[in-house]
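# Reading the structure
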Amino acid sequence: MPSYNHEKYIAQAIESVLNQTFPDFELIIIDDGSKDRSKEIIKAYEKKDKRIRAIFHKNNKGIARTMNEGLRKAKGKFIALFSSDDVWVKDKLEKQLKFFEKNDDLVVWSEGLVIDAQGNPTGGTFTQMYGASKKKKSGNLFEELLKGNYIFGQSVILKKKNIKDITYDERLKYLNDYKFMVDLAYNYEFYYIPEPLAMYRIHGKNSILSDRREWLRDQILVSTYFLERYGDRISKKLRAMLYHRIASAYAQLGERKIVLSYLPVLVKIDPISLYPLILLGLVATSENSLGRKILRKVYYLLLYNI
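The shown structure was predicted, so the numbers you read here are calculated from the model rather than taken from an experiment.

## Some details on the domain arrangement of the chain
For the chain, the assigned domains are domain 1 (2-201) and domain 2 (235-304). One C-alpha centre belongs to domain 1, the other to domain 2, and the line joining them spans 33 Å. Both faces considered, domain 1 and domain 2 share a buried interface measuring about 480 Å² in area, 61% of it formed by carbon and sulfur atoms. Applying the counting rule to domain 1 against domain 2 returns zero salt bridges.

## Regarding the environment of Phe142
With respect to the helices and strands, Phe142 occurs in helix α6 (residues 142-147). Taking the C-alpha atoms as reference points, Phe142 and Asp183, separated by 41 residues in sequence, lie 8.0 Å from one another. Not counting chain neighbours up to four residues away, the residues in contact with Phe142 comprise Val182, Ala185, Tyr186, Tyr230 and Ile234.

## Section: the packing of helix α1 (residues 10-18) against helix α2 (residues 38-48)
Contact geometry of α1 with α2 gives a least axis separation of 10 Å together with a crossing angle of 25°. With respect to α2, the axis of α1 lies roughly parallel. As for how α1 packs across α2, the hand of that crossing is right-handed. Of the residues in α2, those touching α1 at Ile10, Ala11, Ile14, Glu15 and Leu18 are Ile41, Ile42 and Tyr45.

## Description of unusual backbone geometry
A positive phi angle, near 55°, is found at Asn5, a position not held by glycine. For Asn5, a relative accessible area of 31% gives the class partly exposed. Of note, the phi angle at Lys164 is positive, near 50°, even though the residue is not glycine. Turning to its location among the elements, Lys164 is positioned in the loop between β8 (157-159) and α7 (176-187). According to the relative accessible area criterion, Lys164 is exposed, its value standing at 64%.

## Digging into the sheet that holds strand β2 (residues 27-31)
Within the open sheet, the three strands sit side by side as β1-β2-β3. Their pairing is parallel. Two strands lie at the open edges of the sheet, namely β1 (2-3) and β3 (52-56), each paired on one side alone. Strand direction decides the pairing type here: β1 and β2, joined by two bridges, are parallel. Bridging from a neighbouring strand, Ser3 pairs with Asp31 of β2. Against the sheet, α1 engages β1, β2 and β3, with an angle of about 165° to β2. Sitting on the sheet, α2 is in contact with β1, β2 and β3, with an inclination near 150° to β3.

Rules behind the numbers
- Residues numbered from 1 in each chain as written.
- Predicted model: local features only at pLDDT ≥ 70, side-chain atom pairs only at ≥ 80, totals over all residues.
- Heavy atoms only, no water.
- Domains from an automatic or database assignment.
- Buried area = accessible area lost by both parts, 1.4 Å probe.
- Salt bridge = Lys/Arg side-chain N within 4 Å of Asp/Glu carboxyl O.
- Helix = DSSP H or I, 4+ residues; strand = E, 2+ residues; numbered from the N terminus.
- Contact = heavy atoms within 4.5 Å.
- Axes fitted to C-alpha atoms, helices over the stretch in contact; angles between N-to-C directions.
- Parallel < 35°, antiparallel > 145°, perpendicular 65-115°, else oblique.
- Left-handed = near helix turned anticlockwise from the far one by under 90°.
- Buried < 20%, exposed > 50% of the residue type's maximum accessible area, 1.4 Å probe, protein only.
- Pairing = 2+ DSSP bridges.

Encoded structure:
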């Protein structure tokens with residue numbers, strides 16, 4: 001459980017783990033330099049329950065480094081991921097661990113209920129929020145996840161030794177979860193439990209939207225990595241999608257020359273694709289214009305049909 005400035009929610013998060021019907025676990029909490037009362041709350045729980053191992057960073061190191069530290073320090077056979085502002089239902093671990101009895105090389109995840117800052121259900125689910133209601137959720141998800149991440153990370157549990165060299169990318173600020181899940185999906189099948197076994201809390205402002213340029217740079221890094229790592233193992237349509245995603249990010253960053261350099265690449269990979277036309281449109285239209293919005297809709301229509 002990485003922790004950062006969640007004093008309003010972390011007690012409920014910790015309680016939801018300690019009250020699990022499956023009791024044999026360690027709860028590693030790594031506070032990444034919180035400025036609020038999170039550290040005091042964590043220390044109080046650590047004194048009360050020996051299953052808690054708390055680690056405190058003097059300075060903020062970022063979510064990727066914090067998660068990697070937790071993965072290294074974990075001693076259990078299985079690892080479950082969690083966040084200090086979300087909530088587990090009491091029998092989450094017990095229900096998920098049953099699915100490892102026949103095949104422990106799975107990545108098991110579940111549906112999640114969306115709650116507000118006060119913990120009230122919003123009426124939605126995690127997969128609905130990420131447009132994944134009709135998407136494939138079990139089995140080989142590698143190519144589906146290349147198109148975009150829809151895995152509820154706070155519900156994930158997997159065998160520790162299966163992580164091997166898969167780590168969170170410390171270059172990334174926003175999309176390290178996405179890269180981590182795609183790398184897992186290349187190596188292992190996923191199993192989805194439709195019952196909501198965790199709650200996903202929505203609160204505060206959307207930090208991704210407030211730092212859009214950093215998110216776009218992450219998109220370039222991640223898509224480039226996917227092409228370098230998996231480019232010769234995926235279809236030309238998926239390669240074209242990834243190149244378009246990189247060029248589109250550059251277009252939104254205002255790097256017109258770089259965008260145009262991707263046109264011949266896209267034409268060569270998939271001559272009948274609409275991606276080159278979409279890129280030209282992105283260069284010609286301004287951010288938030290009607291033309292830009294139409295182009296994005298066309299892109300997502302293409303994505304759903306890959």
